[in-house]
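What follows is each chain in one-letter form.
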Amino acid sequence: MDFDETVPLSQRSEWADVVPLTQDDGPNPVVPIAYKEEFRETMDYFRAIYFSDERSPRALRLTEETLRLNSGNYTVWHFRRLVLEALNHDLFEELEFIERIAEDNSKNYQLWHHRRWVAEKLGPDVAGRELEFTRRVLSLDAKHYHAWSHRQWTLRALGGWEDELDYCHELLEADVFNNSAWNQRYYVITRSPLLGGLEAMRESEVSYTIKAILTNPANESSWRYLKALYKDDKESWISDSSVSSVCLNVLSRTDCFHGFALSTLLDLLCDGLRPTNEHKDSVRALANEEPDNNLAILVCTILGRVDPIRANYWAWRKSKITVAAM
Amino acid sequence: MEEPPSFTVSQREQFLVENDVFGIYNYFDASDIFTQKYLLEIQRDKQLDYLMKGLRQLGPQFSSLDANRPWLCYWILHSIALLGESVDDELENNAIDFLGRCQGSDGGYGGGPGQLPHLATTYAAVNALVTLGGHKALSSINREKMSCFLRRMKDTSGGFRMHDMGEMDVRACYTAISIASILNILDDELTQGLGVYILSCQTYEGGIGGEPGSEAHGGYTYCGLAAMILINEVNRLNLDSLMNWAVHRQGVEMGFQGRTNKLVDGCYTFWQAAPCVLLQRLYSTNDHEVHGSSHISQATDKDHEEHHAHDEDDLEDSDDDDSDEDNDEDSANGHRIHHTSTYINRRMQPVFDSLGLQRYVLLCSKIPDGGFRDKPRKPRDFYHTCYCLSGLSVAQHAWLKDEDTPPLTRDILGSYPNLLEPVHLLHNIVMDQYNEAIEFFFRAA
């Protein structure tokens, strides 16, 4: 059979006119790979059509065979794109091809770049399909970096923002520690044309985040997200009582990690928050040490004990506190 | 009936890793002092064995890296150099010849002979050749054609593409700038708009992502920070939040994770520790009111010789590391200039737990038979070997404000036998080799 992939290329009549090109490794290459015969032969035929720049249907089929053997070969992906364009090939079929390759390994840059190239050519009509594709990959690995990049690209280039905030919530319900989902949430509230932007979303997002913090005070993702909601608006950050409230709330509990509540309070103080007696009492209750007149310095001291991995960092922060920031 | 608390995927995975890691630490802590000494040893002979074998021959399973062979060269050659060793003339010539066959006629290097030139494989090839050193290796790089290649990869947005019509991200930006910087072909055309692009990749968390909007990630954070320092635009970034994010990536296992709430991985020893040291040195440079430059090393050999003799004694007497900080404050008030300062002023307390990090690498990542891995239960590979060793070097030298000052015994877990060569933090090349390359490419100009 001419198209039978189990028959070596050299024995297929379809390829009889092509002289395979061996790899120019030189006489004594370093890091030489002991290629299996099938791999070596396929690459020899690929090299032949690549260097003769043959953009034909059989060239397209050969790139598929080559990519099955090594999906990381970006030269082959690149050439495949040239062939697809020359043949004006059905790009919907190409999406399916990529999905087949992804089944074996989704963690390769080239596949995702190729997908983006195809989707861009197909336009907004495939927004839904791309969101569905990334959703499937994320259902297997909810933090898949390339899938998230592709999803973000799809939203900004092709659209489909309507259900994205709900999708983030769905993922956070399943795993509130999923930092990628929090990152996506930030992406949505700041960039979605259907929402009002960061400031408009702030109140509802703060409420959402505080709930998450109180349920899991040791979850770094939610604390970082909370601070992000006040990006570039220091005044609101230090004056919004719900922020310092959540710190005080967590600090008053004896059953949980205090590190993030303390470091958030430290940031607030360094940004100009005037500590109330409630703040001072709350912090001093945790202090084994001699209370410092400067609350921020005391917080650093406590952090050095409560978060010992970062003891040097908290000491460094302490050294940066000037009297003015009291 | 009450529902038992259910763990999320993140918690479950974290729990399993902690089990493995603490199992290893508990075994270590319970061992006698001789066993402990043995467990901490780098095992140089075994490491070199593993590396040399890889350089000479790789099995068919490496077909998946057939488009990454310059990387294999760099990972292996750099690891050998970190161990203070070098390859024989024959191997060296073979490596130079092979990499030469990966060089494209229009500039840049591909993943193998005849492959399309790609920024990442170009970075790896250049770094490998610089690591080999010597006239033959360095002159084999076609600088003029490289310049053309880099220009072709430059995008109007300010960033760089990995290859013709390839993907654009912070990694492409870093590799391009690192190459241009070493080869002395960095110019305004290449840096134009780049600072703005990389800044747009700094996230709300403080770290840097691959593209604007993407999650903060250790690898991209290194790339973004290093690139910004090389083009002299690092102050565009929010350095406070970057530092804060980076130091929080060290977890209870004492190794670094790549992203918030993800798992520890030996390779992040380099990707995360290097930014911590870079940032600390930047802050320290600012404190002393000395102008920073892309060549971080500040001290001259003369200063070092003068102060070496009695300063070592001073430090042996001094138990209190806080004396370093006092000196910093004195310097800030007294406007003492860095390059005439004493040995003590060349030291700082690393913002991350360096000895803890070294413990993770030596006990959890190191394979006694040679090679390093991501974490327990994972297999060794050359990528992890390279970045665990590189990160170990960074950790050993983390108390030093510049590359010319040697570490103290107590800085090195496993003591002096474990000491690795220092690297240039912006390129991850052994300092001696970097200096030779700069001599070659900048003298040529």
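Residues numbered from 1 in each chain as written. Chains lettered and ligands numbered in written order. Predicted model: local features only at pLDDT ≥ 70, side-chain atom pairs only at ≥ 80, totals over all residues. Heavy atoms only, no water.

- The name given to chain A in an unreviewed UniProt entry is Protein farnesyltransferase/geranylgeranyltransferase type-1 subunit alpha, with the source organism recorded as Arabidopsis lyrata subsp. lyrata.
- Quoted verbatim from the Sequence similarities (unreviewed entry) field of UniProt, the annotation for chain A is "Belongs to the protein prenyltransferase subunit alpha family."
- UniProt lists a comment for chain A under the heading Cofactor (unreviewed entry), and it reads "Mg(2+)". (UniProt positions renumbered as here; feature names shortened; annotations may be inferred.)

### Some remarks on the pattern of salt bridges
Opposite charge on two side chains allows them to pair when their charged atoms are near.
Right, on to step 1. The full count for this structure, using the stated rule, is 45 salt bridges over all chains.
Right, on to step 2. Two residues, Asp233(A) and Arg202(A), come together in a salt bridge whose shortest N-O distance is 3.1 Å. Taken together, the residues span a long stretch of sequence, with Asp233(A) in the loop between helix H11 (220–228) and helix H12 (234–239) and Arg202(A) in helix H10 (residues 198–215) at a distance of 31 residues. We note that Asp233(A), like Arg202(A), is buried.
Right, on to step 3. One salt bridge in this structure joins Asp411(B) and Arg347(B), with 3.0 Å as the shortest N-O distance. (Salt bridge = Lys/Arg side-chain N within 4 Å of Asp/Glu carboxyl O. Helix = DSSP H or I, 4+ residues; strand = E, 2+ residues; numbered from the N terminus. Buried < 20%, exposed > 50% of the residue type's maximum accessible area, 1.4 Å probe, protein only.)

### Things to note about the nonpolar core
Right, on to step 1. Core analysis: the largest hydrophobic core is formed by 244 residues, its most contacted members being Leu119(B), Met146(B), Leu150(B) and Phe160(B).
Right, on to step 2. When residues of this core are assigned to their parent elements, the largest contribution, 11 residues, is made by helix H14 (residues 268–287) of chain B.
Right, on to step 3. Two domains each donate at least three residues to this core, and these are domain 1 (1–89) and domain 2 (232–321) of chain A. (Core = buried A, V, L, I, M, F, W, Y, C linked by side-chain atoms within 4.5 Å. Domains from an automatic or database assignment.)

### Concerning the environment of Tyr230(A)
Residues and elements named next belong to chain A.
Right, on to step 1. Position of Tyr230 among the secondary structure elements: in the loop between H11 and H12.
Right, on to step 2. A residue is classified by how much of its surface remains accessible, and Tyr230, at 3% relative accessible area, is buried.
Right, on to step 3. Note: C-alpha distance between Tyr230 and Glu203 (27 residues apart in sequence) is 10 Å.
Right, on to step 4. Beyond its immediate stretch of four places on either side in the chain, Tyr230 contacts Arg202, Val206, Ser236, Trp237, Asp240, Ser242 and Val243.
Right, on to step 5. A polar contact is formed between the side chain of Tyr230 and the side chain of Asp240, at a distance of 2.4 Å. (Contact = heavy atoms within 4.5 Å. Polar contact = N/O pair within 3.5 Å; in protein donor to acceptor, adjacent residues only side chain to side chain.)

### Side note on the side chain of His144(A)
Right, on to step 1. Secondary-structure assignment places His144(A) in the loop between helix H6 (127–140) and helix H7 (145–158).
Right, on to step 2. In contact with His144(A), not counting residues within four places along its chain, are Ser106(A), Lys107(A), Trp112(A), Val137(A) and Leu138(A).

### Topic: the side chain of Lys366(B)
Residues and elements named next belong to chain B.
Right, on to step 1. Positionally, Lys366 belongs in the loop between helix H17 (354–365) and helix H18 (382–396).
Right, on to step 2. At 7.3 Å, Glu41 is the nearest oppositely charged side chain to Lys366, a buried residue that forms no salt bridge.
Right, on to step 3. Of note is the side chain of Lys366, whose polar atom sits 2.6 Å from the backbone oxygen of Glu41.
Right, on to step 4. At 3.5 Å, the side chain of Lys366 forms a polar contact with the backbone oxygen of Leu362.
Right, on to step 5. When neighbours within four sequence positions are excluded, Lys366 is seen to be in contact with Tyr38, Leu39, Leu40, Glu41, Ile42, Gln43, Gln47, Val361, Gly371 and Phe372. (Lys, Arg positive; Asp, Glu negative; His and termini not counted.)

### Comments concerning unusual backbone geometry
Right, on to step 1. One non-glycine residue, Asn88(A), adopts positive backbone phi at about 50 degrees.
Right, on to step 2. Along the polypeptide, Asn88(A) turns up in the loop between helix H3 (74–87) and helix H4 (91–104).
Right, on to step 3. Residues other than glycine seldom take positive phi values, yet Asn261(B) does so here, at roughly 65 degrees.
Right, on to step 4. If you trace the backbone, Asn261(B) turns up in the loop between helix H13 (239–247) and H14.

### Notes on the interface of chain A and chain B
Right, on to step 1. Listed by partner, the interface residues are 65 residues for chain A and 75 residues for chain B.
Right, on to step 2. Interface of chain A and chain B: buried area, both sides summed, is about 6,000 Å²; carbon and sulfur atoms make up 51% of it.
Right, on to step 3. Between the two partners, chain A and chain B, sit five salt bridges.
Right, on to step 4. Here Asp24(A) makes a salt bridge to Arg101(B), at a shortest N to O gap of 2.6 Å.
Right, on to step 5. Across the chain A-chain B interface, the total number found is 42 residue pairs in polar contact (both at pLDDT 80 or more).
Right, on to step 6. Secondary-structure elements contributing two or more residues to the side of chain A that touches chain B are helix H1 (37–51), H3, helix H5 (109–122), H7, helix H9 (179–191), H11 and helix H17 (311–320) of chain A.
Right, on to step 7. For the side of chain A that touches chain B, the element with the most residues is H17(A), which contributes eight residues. (Buried area = accessible area lost by both parts, 1.4 Å probe.)

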